[in-house]
Amino acid sequence: MTTNPAIDDDFVMIHTIINSYFTGLYQGNSSQLKAIFHPTAMLKTPGNYRSLERWLKDVETRATPEALGQPFNFKVLSIEIMHDQAMVKLECPLFDYFYIDFLGLLKEQGRWLIVNKMYTDITKQPT
(Lines give C-alpha, C1' and ligand atoms only; values in the text may rest on other atoms or scores of the structure.)
Protein backbone atom coordinates (compact mmCIF):
# COMPACT_ATOMS: atom_id res chain seq x y z
CA MET A 1 0.00 0.00 0.00
CA THR A 2 1.34 3.42 -0.94
CA THR A 3 0.50 6.70 0.68
CA ASN A 4 0.37 10.15 -0.79
CA PRO A 5 2.01 12.72 1.52
CA ALA A 6 0.08 15.59 -0.11
CA ILE A 7 -3.26 13.94 0.65
CA ASP A 8 -2.12 13.14 4.18
CA ASP A 9 -1.15 16.81 4.68
CA ASP A 10 -4.51 17.97 3.30
CA PHE A 11 -6.34 15.59 5.63
CA VAL A 12 -4.44 16.96 8.64
CA MET A 13 -5.11 20.57 7.58
CA ILE A 14 -8.83 19.88 7.11
CA HIS A 15 -9.02 18.09 10.44
CA THR A 16 -7.42 21.13 12.08
CA ILE A 17 -10.09 23.36 10.51
CA ILE A 18 -12.84 21.03 11.74
CA ASN A 19 -11.47 21.07 15.28
CA SER A 20 -11.33 24.87 15.16
CA TYR A 21 -14.92 24.89 13.84
CA PHE A 22 -16.11 22.68 16.70
CA THR A 23 -14.41 24.72 19.43
CA GLY A 24 -15.48 28.01 17.81
CA LEU A 25 -19.12 26.87 17.84
CA TYR A 26 -18.91 25.54 21.37
CA GLN A 27 -17.22 28.63 22.80
CA GLY A 28 -18.99 31.18 20.59
CA ASN A 29 -15.63 32.41 19.32
CA SER A 30 -16.51 34.36 16.17
CA SER A 31 -12.91 35.40 15.42
CA GLN A 32 -11.81 31.76 15.49
CA LEU A 33 -14.64 30.86 13.13
CA LYS A 34 -13.96 33.81 10.83
CA ALA A 35 -10.36 32.62 10.36
CA ILE A 36 -11.46 29.30 8.82
CA PHE A 37 -14.17 30.62 6.47
CA HIS A 38 -13.74 32.31 3.12
CA PRO A 39 -15.12 35.88 3.38
CA THR A 40 -17.78 35.17 0.73
CA ALA A 41 -19.01 31.94 2.36
CA MET A 42 -22.75 31.42 2.64
CA LEU A 43 -24.57 29.43 5.29
CA LYS A 44 -27.69 27.71 4.06
CA THR A 45 -30.57 25.71 5.39
CA PRO A 46 -33.93 25.42 3.63
CA GLY A 47 -35.57 28.83 3.77
CA ASN A 48 -32.64 30.51 5.51
CA TYR A 49 -29.56 31.91 3.78
CA ARG A 50 -27.06 33.93 5.80
CA SER A 51 -23.84 35.64 4.93
CA LEU A 52 -20.78 34.79 6.96
CA GLU A 53 -20.86 38.24 8.53
CA ARG A 54 -24.48 37.82 9.67
CA TRP A 55 -23.85 34.33 11.05
CA LEU A 56 -20.78 35.48 12.99
CA LYS A 57 -22.86 38.26 14.59
CA ASP A 58 -25.46 35.64 15.56
CA VAL A 59 -22.76 33.47 17.12
CA GLU A 60 -21.39 36.45 19.08
CA THR A 61 -24.75 37.40 20.58
CA ARG A 62 -26.09 34.01 21.61
CA ALA A 63 -25.40 32.10 24.79
CA THR A 64 -22.63 29.56 24.25
CA PRO A 65 -22.99 25.82 24.73
CA GLU A 66 -19.87 25.99 26.92
CA ALA A 67 -21.40 28.65 29.22
CA LEU A 68 -24.61 26.61 29.44
CA GLY A 69 -22.64 23.54 30.51
CA GLN A 70 -23.70 21.50 27.50
CA PRO A 71 -21.55 18.53 26.51
CA PHE A 72 -19.01 18.80 23.68
CA ASN A 73 -20.48 16.05 21.49
CA PHE A 74 -19.40 17.09 18.00
CA LYS A 75 -18.38 14.32 15.64
CA VAL A 76 -16.81 13.96 12.20
CA LEU A 77 -18.92 11.63 10.06
CA SER A 78 -16.91 11.83 6.84
CA ILE A 79 -14.22 13.73 4.99
CA GLU A 80 -13.88 13.44 1.22
CA ILE A 81 -11.00 15.14 -0.55
CA MET A 82 -10.71 15.46 -4.31
CA HIS A 83 -7.64 17.46 -5.35
CA ASP A 84 -8.33 21.00 -4.14
CA GLN A 85 -11.91 20.42 -2.95
CA ALA A 86 -13.29 18.70 0.11
CA MET A 87 -16.69 17.89 1.56
CA VAL A 88 -17.04 17.28 5.28
CA LYS A 89 -20.10 15.86 7.05
CA LEU A 90 -20.42 16.57 10.78
CA GLU A 91 -22.71 15.99 13.74
CA CYS A 92 -23.17 19.27 15.61
CA PRO A 93 -25.56 18.99 18.55
CA LEU A 94 -26.16 22.54 19.79
CA PHE A 95 -28.72 23.68 22.33
CA ASP A 96 -31.98 21.79 21.61
CA TYR A 97 -30.98 20.95 18.04
CA PHE A 98 -29.12 18.08 16.44
CA TYR A 99 -27.54 19.52 13.34
CA ILE A 100 -25.91 17.69 10.49
CA ASP A 101 -23.52 20.11 8.80
CA PHE A 102 -22.07 19.75 5.33
CA LEU A 103 -19.02 21.96 4.91
CA GLY A 104 -17.56 22.59 1.47
CA LEU A 105 -13.89 23.53 1.47
CA LEU A 106 -11.54 24.76 -1.24
CA LYS A 107 -7.77 24.87 -1.22
CA GLU A 108 -6.46 28.08 -2.73
CA GLN A 109 -2.85 29.28 -2.57
CA GLY A 110 -2.03 26.32 -0.34
CA ARG A 111 -4.71 27.12 2.24
CA TRP A 112 -7.98 25.34 2.96
CA LEU A 113 -11.05 27.45 3.83
CA ILE A 114 -14.73 26.69 4.28
CA VAL A 115 -16.62 28.24 1.36
CA ASN A 116 -20.08 26.84 2.03
CA LYS A 117 -22.06 25.49 4.96
CA MET A 118 -25.34 23.64 4.58
CA TYR A 119 -27.02 22.29 7.66
CA THR A 120 -30.25 20.84 8.96
CA ASP A 121 -31.73 19.89 12.31
CA ILE A 122 -32.47 16.17 12.06
CA THR A 123 -34.87 16.28 15.02
CA LYS A 124 -37.37 18.21 12.84
CA GLN A 125 -39.51 16.63 10.18
CA PRO A 126 -38.75 17.96 6.67
CA THR A 127 -41.35 20.29 5.18
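The following paragraphs examine the structure supplied in this document. (Residues numbered from 1 in each chain as written. Predicted model: local features only at pLDDT ≥ 70, side-chain atom pairs only at ≥ 80, totals over all residues. Heavy atoms only, no water.)

### Here we look at the packing of aromatic side chains
One pass over the full model with this rule turns up 10 aromatic pairs. Taking the centre distance of 5.3 Å and the plane angle of 55° together, the rings of F37 and W55 count as tilted. With F37 in strand β1 (residues 37-45) and W55 in helix α3 (residues 52-61), this pair connects stretches of sequence that are 18 residues apart. Among the residues examined, F37 registers a relative accessible area of 3% and is labelled buried. Seen in terms of ring centroids, F72 and F74 are 4.9 Å apart; in terms of plane orientation they differ by 75°. Their pairing is edge-to-face. Look at F74 and you get buried, because its relative accessible area is 11%. These aromatic residues form a ring-pair network of at least three members: Y21, F22, Y26, F37, W55, F72 and F74. For K117, the ring lying beneath its charged end belongs to Y119, and the centroid distance is 4.9 Å. (Phe/Tyr/Trp six-rings, centres within 6.5 Å; stacked < 30°, edge-to-face > 60°. Helix = DSSP H or I, 4+ residues; strand = E, 2+ residues; numbered from the N terminus. Buried < 20%, exposed > 50% of the residue type's maximum accessible area, 1.4 Å probe, protein only. Lys NZ or Arg CZ within 6 Å of the ring centre and 35° of its normal.)

### So, the nonpolar core
Formed by 29 residues in total, the largest nonpolar core has its most connected members in Y21, W55 and L105. Looking at which element gives the most residues to this core, the answer is helix α1 (residues 5-27), with 7 residues. Excluding residues that lie within four positions of it along the chain, L105 makes contacts with I14, I17, D84, Q85, A86, V88, W112, L113, I114 and V115. (Core = buried A, V, L, I, M, F, W, Y, C linked by side-chain atoms within 4.5 Å. Contact = heavy atoms within 4.5 Å.)

### Thoughts on the sheet that holds strand β2 (residues 48-51)
Read across the sheet, 6 strands follow the order β2-β1-β6-β5-β4-β3 without closing on themselves; strand pairing throughout is mixed. Among the strands making up the open sheet, the edge pair consists of β2 and β3 (75-82). Strand-to-strand twist across the sheet, computed as the mean angle between neighbouring axes with direction ignored, equals 15°. In the packing of α3 onto the sheet, the strands contacted are β1, β2 and β6 (111-121), and the crossing angle to β2 comes to about 90°. (Pairing = 2+ DSSP bridges. Axes fitted to C-alpha atoms, helices over the stretch in contact; angles between N-to-C directions.)

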